[in-house]
Amino acid sequence: LRSASFVVAHNAAFDRKWVEARLPDARGLAWCCSMSEIGWRARGFDGRVLGYLLLQSGFYFCGHRASVDVDALIQLLKDENCDGQTALAEMIVRAGSPSWIVRARGADFSMKDALRARGYRWDAVRKLWSCEISGDALDREQWWLAANVYAVDANPKALGPDIERVTARTRFL
């Protein structure tokens, strides 16, 4: 694995933790997720589950065995959109682009619906709302948070959000 440019998993948020717990030398590798870093709906698919994607591609899938899952994923990554871009190419571009985790620390309870509508998810462990946004959307998001979540009228319990840069090496931890 250390010689790989990146590791691909169909649910990297789950698989990365599992792999790194069993193979400590795999820690710190760049990861790509074929489930979350490919726009399957834009490609004409109805979902993101591996078996369902394969059925829509015309392949029979009897999954949850490592070698079968790998072969299945290889078939899916060959999928081309209307511009001829493969799913693999799309995933690599997205995975290689830095993004930001924005944690709305101190947001008042009354802001929950606005944050949810904006794509934030509740983190029960940290007890705050967070979302991951693309690098070019950070300024726009900070302005929205300042005007809505951290405005005096919104009764915030903090001065602003926590922001963390995410790369292929730190994503899905």
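Here the structure is shown first, and the text comes after it.
Residues numbered from 1 in each chain as written. Predicted model: local features only at pLDDT ≥ 70, side-chain atom pairs only at ≥ 80, totals over all residues. Heavy atoms only, no water.

## Let's talk about the side chain of Glu37
With respect to the helices and strands, Glu37 occurs in the loop between β2 (31-33) and α2 (50-57). A polar contact is formed between the side chain of Glu37 and the backbone nitrogen of Cys33, at a distance of 2.8 Å. There is a polar contact of 3.4 Å between the side chain of Glu37 and the side chain of Arg171. Those residues in contact with Glu37 that lie beyond four places of it in its chain are Trp31, Cys32, Glu90, Met91, Arg94, Ala95, Arg171 and Phe172. (Helix = DSSP H or I, 4+ residues; strand = E, 2+ residues; numbered from the N terminus. Polar contact = N/O pair within 3.5 Å; in protein donor to acceptor, adjacent residues only side chain to side chain. Contact = heavy atoms within 4.5 Å.)

## Focus on helix α6 (residues 138-148)
Every α-helical turn comprises 3.6 residues, leaving residues that sit three or four positions apart pointing alike. Within α6 the residues assigned to the buried category are Leu138, Glu141, Trp144 and Leu145. Viewed along the axis of α6, the buried residues span an arc of 125°, placing them on a single side of the element. Exposed residues pointing more than 90 degrees away from the buried face of α6 are listed as Asp139, Arg140, Trp143 and Ala147. If you follow the buried residues of α6, they end up packed against β3 (99-104), α5 (112-117), β5 (128-134) and β6 (162-166). (Buried < 20%, exposed > 50% of the residue type's maximum accessible area, 1.4 Å probe, protein only. Arc of directions from axis to C-beta.)

## Side note on the sheet that holds strand β4 (residues 121-123)
If you walk across this open sheet you meet the four strands as β4-β5-β3-β6, and the pairing is antiparallel. The two strands at the open ends of the sheet, each matched to only one other strand, are β4 and β6. When strand polarity is set aside, the average angle formed by the axes of neighbouring strands in this sheet is 30°. (Pairing = 2+ DSSP bridges. Axes fitted to C-alpha atoms, helices over the stretch in contact; angles between N-to-C directions.)

## Things to note about the nonpolar core
Ala104, Leu115, Tyr120, Leu145 and Val149 are the most contacted members of the largest nonpolar core, which has 17 residues in total. Listing elements by their share of this core, those giving two or more residues are β3, β5 and α6. Apart from residues no more than four positions distant in its own chain, Leu115 is found in contact with Ala104, Ala107, Tyr120, Trp129, Trp144, Leu145 and Val149. Counting 15 residues, the second largest nonpolar core, distinct from the first, contains Cys32, Phe61, Leu77 and Met91. (Core = buried A, V, L, I, M, F, W, Y, C linked by side-chain atoms within 4.5 Å.)

## Quick look at unusual backbone geometry
Note: most peptide bonds trans; most residues except glycine with negative phi. The backbone phi angle of Lys127 is positive, close to 60°, even though this residue is not glycine. Here Lys127 falls in the exposed class, since its relative accessible area comes to 62%. Here the phi dihedral of Phe172 falls at roughly 70°; this positive angle occurs in a residue that is not glycine. Examined against the element boundaries, Phe172 turns out to sit in the segment after β6.

## Some points on the pairing of β5
By the criterion of burial, β5 is predominantly enclosed, with five of the seven residues buried. Two strands pair when backbone bridges link them, and β4 and β5 are joined in this way by three bridges, in the antiparallel orientation. Paired with Arg121 across the two strands is Ser130, which belongs to β5. Hairpin geometry of β4 and β5 is characterised by an intervening segment of four residues between the two adjacent antiparallel strands and by a positive phi of about 60° at Lys127.

## Some points on the pattern of salt bridges
One pass over the full model with this rule turns up 13 salt bridges. With its nearest N and O atoms 3.0 Å apart, the salt bridge here joins Asp79 to Arg43. One end of the pair, Asp79, is in the loop between α3 (66-77) and α4 (87-96); the other, Arg43, is in the loop between β2 and α2, and 36 residues separate them in sequence. Overall, the relative accessible area of 13% leaves Arg43 in the buried class. The closest approach of N and O atoms between Arg116 and Asp113, which form a salt bridge, is 3.5 Å. Highlighted residues: Arg116 and Asp113, both in helix α5, separated by three residues, approximately one helical turn. Using a relative accessible area of 47% as the deciding quantity, one classes Arg116 as partly exposed. (Salt bridge = Lys/Arg side-chain N within 4 Å of Asp/Glu carboxyl O.)

Without other data, these values stay purely geometric and don't point to any function.
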